[in-house]
Amino acid sequence: MKPKQYLLWMLAAAAVSISFSACKPKGAGSAMAGNAAQRTYVPPGQYDEFYNFVSGGFSGQMSVYGLPSGRLFRVIPVFSVDPEKGWGFSEETKPMLETSHGFIPWDDLHHIEASFTDGMADGKWMFANSNNTPRLARIDLTTYRTAEIIEIPNTGGNHCSPFTTENSEYVIAATRFSVPPDGPGGDVPISSYKENFKGHISFVSVDKETGEFDIAFQLKTPGLNFDLSSAGKGKSNGWLFLSCYNSEQAHTLLEVSASQNDKDFILAINWKKAEEYFKAGKGTKQAVRYAHNKYNEETHSATSEIKTDVTVLDLADFEDLAYLIPCPKSPHGTDVNPTGEYIIGSGKLAALIPVFSFDKLQNAIANKDFEAELYSGIPVVKYESALYGEVEKPGLGPLHTEFDDKGNAYTSFFVSSEVVKWNIEKLEVIDRQPTYYSVGHLMVAGGNTKKPFGKYLVAYNKITKDRFLPTGPELCHAAQLFDISGEKMELLLDFPTIGEPHYAQAVPADLIKDNSLKIYDINANSHPYIAKGESEARVERNGNTVHVYLTTIRSHFTPDNIEGIQLGDEVLFHVTNIEQDWDMPHGFAIKGAGNSELLVMPGETQTLKWIPDRTGIFPMYCTDFCSALHQEMSGYVRVSAKGSNVPLTFSTGTSQAAAGE
Ligand code: K7E
Ligand code: CUA
């Protein structure tokens, strides 16, 4: 965009933002279904039709809602600590947040994508990205917990991630900010961007049975900013399409300097070919450092390991891996339709939507129908040669597109604050509905799979002023549910969300609800500090470390009286919940502890570290209302001066036992 055009666009954007703060978008209310309440009402005791897994943005969490009710079921800490669950506070979960930079208890989670089998969500896992310190997470849909986090080397901001291939062969993660590759060579002038800054696209393999991640290989690219991507499906399976902005390779004031070119690119990668090269031993091993963290369900403990190399294939060394497709005006989303034939680009500053054809792209590549080579050797396919057609005047500022089961696409428009339904083959707009306000991502149930369910669309909106009761300077972000089963979209429901929602997935409840874990089998618990029953509960001193093997069952701790702790001790409460009933967690907290509670599931062991800072009596108690006598579920710890002659003892009821040395 020329600077003048840019100015015009800014003015247009400003006008829209003024108008929506002054009055509701045109047609407000008209698209609201008259019987909306009935259609979203899930009567008490009944289940929702879909699970909706929604990114929590800068809260670092993923939240789980029901559709169509919008009811919130669970918040899952992913790149965050969560005092409600003790996640990141218990000794067992801390390693999940280790990185090559040390312990990092926060990140910015933008995208959630399901594990796929044959292009359909298989209900095993959800994958999530972190946008700041580059990481990829796998969330287990039996425990609704984060099972694994892997750090991504050579990457500066893991925004273009995670995108799953048709059979979850790989979860793909690409860098948002190109940066010099990891290692000592990174100390270069920022102005040397064009020579020294590179992009990397990581192919993280997923074990079919366990889901375990491994970085198979990376592709090194010219210094571009990758925004989003979609793996091909059906006929385009084996290809990957990534939107890139900053084709200008600017390194300052990107708002203007990265908006100069009329067109940026979609980078099309033949990943099956890249995989062949990798398997044939091509590429070079680079020394890097990245953390790989796994949670073990049997030891109930996470481990963190630093890995030290990665195989990199440089696109400059291969002729047939990558092609650039010109795409108007700073593309954001790039989305592949259910048949795999159409690739939809969304230029953030564009007033049209380009639809590319996979068949035409293949022909153009076969015929070398290129307009140029850029960045030392990547062919640029002619725009017209890859283009199926353009949707004219769809709205302002397209961001993301999802699909239904009837050949229609739904695109979110940030600037004009609406969702637009259009027919892919005819390139015609069918319907448009305002959102309140400034929609980012949108999601159709199954909308990124080979067979969308197509019943519901959810818009995830950035601004909610005047939609909910005010709560100070910060208002909630929100989701809006539309019924898309008819010709016109109908607004059914607004519901607030946790953090800032970006992408989301919806999975039919029937596919996963019966897989939900009810308890951990205590006989399979191999935590090194388990007490399998009250008879194994005890206190042991090892120098200045005191291990408390503590059990919980309705409604007492064993032991519940402990004496002989001294100042200077580090006390580790290893709490085993010996219940074997569903929905029977117990909590644990002690006065002055510098972390959160523990919330321990039936059959699980978790450890709270406590370093007392003064002498006296310290109450401990169960934090989860577990029975009528929950309030009685408590105990005392006595702390004496260092070197005191109070013996180490523990008891429950009247039996007073001397603690083991
Ligand atoms: Cu929110 Cu996917 Cu980070 Cu668009 S991105 S809105
Ligand atoms: Cu156990 Cu309350």
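Check the entry above for the structure.
Residues numbered from 1 in each chain as written. Chains lettered and ligands numbered in written order. Predicted model: local features only at pLDDT ≥ 70, side-chain atom pairs only at ≥ 80, totals over all residues. Heavy atoms only, no water.

(A) Region of the structure containing helix H5 (residues 271–279). Considered for burial, the residues of H5 that qualify are Trp271, Ala274, Glu275 and Tyr277. One face of H5 carries all of its buried residues, which in axial projection span an arc of 160°. Across H5 from its buried face, at more than 90 degrees, point the exposed residues Glu276 and Lys279. The elements touched by buried residues of H5 are strand E11 (170–174), strand E12 (199–206), strand E13 (213–221), strand E15 (239–245), strand E16 (263–270) and strand E18 (301–314). (Buried < 20%, exposed > 50% of the residue type's maximum accessible area, 1.4 Å probe, protein only. Helix = DSSP H or I, 4+ residues; strand = E, 2+ residues; numbered from the N terminus. Arc of directions from axis to C-beta. Contact = heavy atoms within 4.5 Å.)

(B) Structural view of the side chain of glutamine 480. Position of glutamine 480 relative to the elements: it lies in strand E32 (residues 478–483). Assessed through its relative accessible area of 1%, glutamine 480 is described here as buried. Reaching out from glutamine 480, the side chain makes a polar contact with the side chain of aspartate 494 at a distance of 2.7 Å. (Polar contact = N/O pair within 3.5 Å; in protein donor to acceptor, adjacent residues only side chain to side chain.)

(C) Summary view of the sheet that holds strand E25 (residues 387–392). Read from one edge to the other, the open sheet built from four strands follows the order E20-E21-E22-E25, with strand pairing classed as antiparallel. Looking at the sheet topology across the chains shown, the edges are occupied by strand E20 (331–336) and E25. Each strand axis lies, on average, 20° off the axis of its neighbour in the sheet, ignoring direction. Where strand E22 (residues 352–357) meets E25, five bridges bridge the pair, whose relative direction is antiparallel. Residue pairing in the sheet places proline 354 in a bridge with glutamate 390 of E25. Along the sheet, helix H6 (residues 358–366) contacts strand E21 (342–347), E22 and E25; its crossing angle with E22, the most-contacted strand, is approximately 60°. (Pairing = 2+ DSSP bridges. Axes fitted to C-alpha atoms, helices over the stretch in contact; angles between N-to-C directions.)

(D) Representation of the nonpolar core. Within the largest apolar cluster, 30 residues are counted, with the highest numbers of intra-cluster contacts made by Ile201, Leu219, Leu267 and Ile269. Ignoring anything within four residues of it in the chain, the contact list for leucine 219 reads Gly199, His200, Ile201, Phe203, Ile269, Ala274, Leu313, Leu315 and Leu321. (Core = buried A, V, L, I, M, F, W, Y, C linked by side-chain atoms within 4.5 Å.)

(E) Representation of the sheet that holds E18 within the structure. Pairing is mixed across the open sheet formed by ten strands, whose spatial order is E6-E7-E8-E9-E17-E18-E13-E12-E11-E10. The open sheet terminates on both sides in strands that have one partner only, identified here as strand E6 (112–117) and strand E10 (160–164). This sheet shows a mean twist of 25° between the axes of neighbouring strands, independent of strand direction. Here E6 runs beside strand E7 (residues 120–130); their pairing, made up of five bridges, is antiparallel. In the sheet register, alanine 114 faces E7, and the bridge partner there is methionine 126. Sheet strands in contact with H5 are E11, E12, E13 and E18, and its direction is about 105° off that of E13.

(F) Local environment of the environment of alanine 479. Its place among the elements puts alanine 479 in strand E32. Among the residues examined, alanine 479 registers a relative accessible area of 0% and is labelled buried. Sequence spacing of alanine 479 and valine 458 is 21 residues, and the spatial spacing of their C-alpha atoms is 6.3 Å. Apart from the residues within four sequence positions on either side, alanine 479 is in contact with Val458, Ala459, Tyr460, Leu493, Asp494, Phe495 and Thr497.

(G) Up close: H6. For H6, the full list of buried residues reads Phe358, Leu361, Ala364 and Ile365. Buried residues of H6 fall within an arc of 120° about the axis and therefore sit on the same side. Where H6 begins, the side chain of serine 357 points an oxygen toward the backbone nitrogen of aspartate 359, at a separation of 3.3 Å. Backbone geometry just after H6 places lysine 368 at a positive phi near 50°.

(H) Structural detail: the pairing of E12. E12 sits mainly inside the fold: eight of its eight residues count as buried. On E12, burial covers both faces: Gly199, Ile201, Phe203 and Ser205 on one face and His200, Ser202, Val204 and Val206 on the other are all buried. For E11 and E12, the ladder comprises five bridges, and the chain directions are antiparallel. Within E12, the position partnered with isoleucine 172 by the bridge is phenylalanine 203. The pairing of E12 with E13 spans eight bridges and is classified as antiparallel. Bridge pairing in E13 links phenylalanine 203 to phenylalanine 217. What sits between E12 and E13 in their antiparallel hairpin is a turn of six residues, with glycine 211 showing a positive phi close to 80°.

(I) Spatial organisation of the site of ligand 1. In the vicinity of ligand 1, the contacting residues are His110, His111, His159, Leu228, His332, His400, Gly440, His441, Lys462 and His502. Of the residues belonging to the shell around ligand 1, the class tally is one nonpolar, eight polar and one charged. (Near = heavy atom within 4 Å. Nonpolar A, V, L, I, M, F, W, Y, C, P; charged D, E, K, R; others polar.)

(J) A look at the packing of aromatic side chains. Going through the model one piece at a time under the given rule, you end up with 28 aromatic pairs. Plain terms: the ring middles of tyrosine 170 and phenylalanine 203 are 5.7 Å apart, the flat faces sit at 90° to each other, and that makes the pair edge-to-face. In this pair, tyrosine 170 sits in strand E11 while phenylalanine 203 sits in strand E12, placing the two residues 33 residues apart along the sequence. Residue tyrosine 170 is classed as buried on the basis of its relative accessible area of 4%. With a centroid separation of 5.9 Å and an interplanar angle of 80°, the aromatic rings of phenylalanine 356 and tyrosine 383 are classed as edge-to-face. (Phe/Tyr/Trp six-rings, centres within 6.5 Å; stacked < 30°, edge-to-face > 60°.)

(K) Representation of the environment of asparagine 561 in the model. On the secondary structure map, asparagine 561 appears in strand E38 (residues 561–566). With residues near it in sequence (within four places) discarded, asparagine 561 still touches Tyr636, Thr649, Phe650 and Ser651. Engagement of the side chain of asparagine 561 in a polar contact is seen with the side chain of aspartate 560, the distance being 3.4 Å.

Don't take any of this as a statement about function, it's just geometry.
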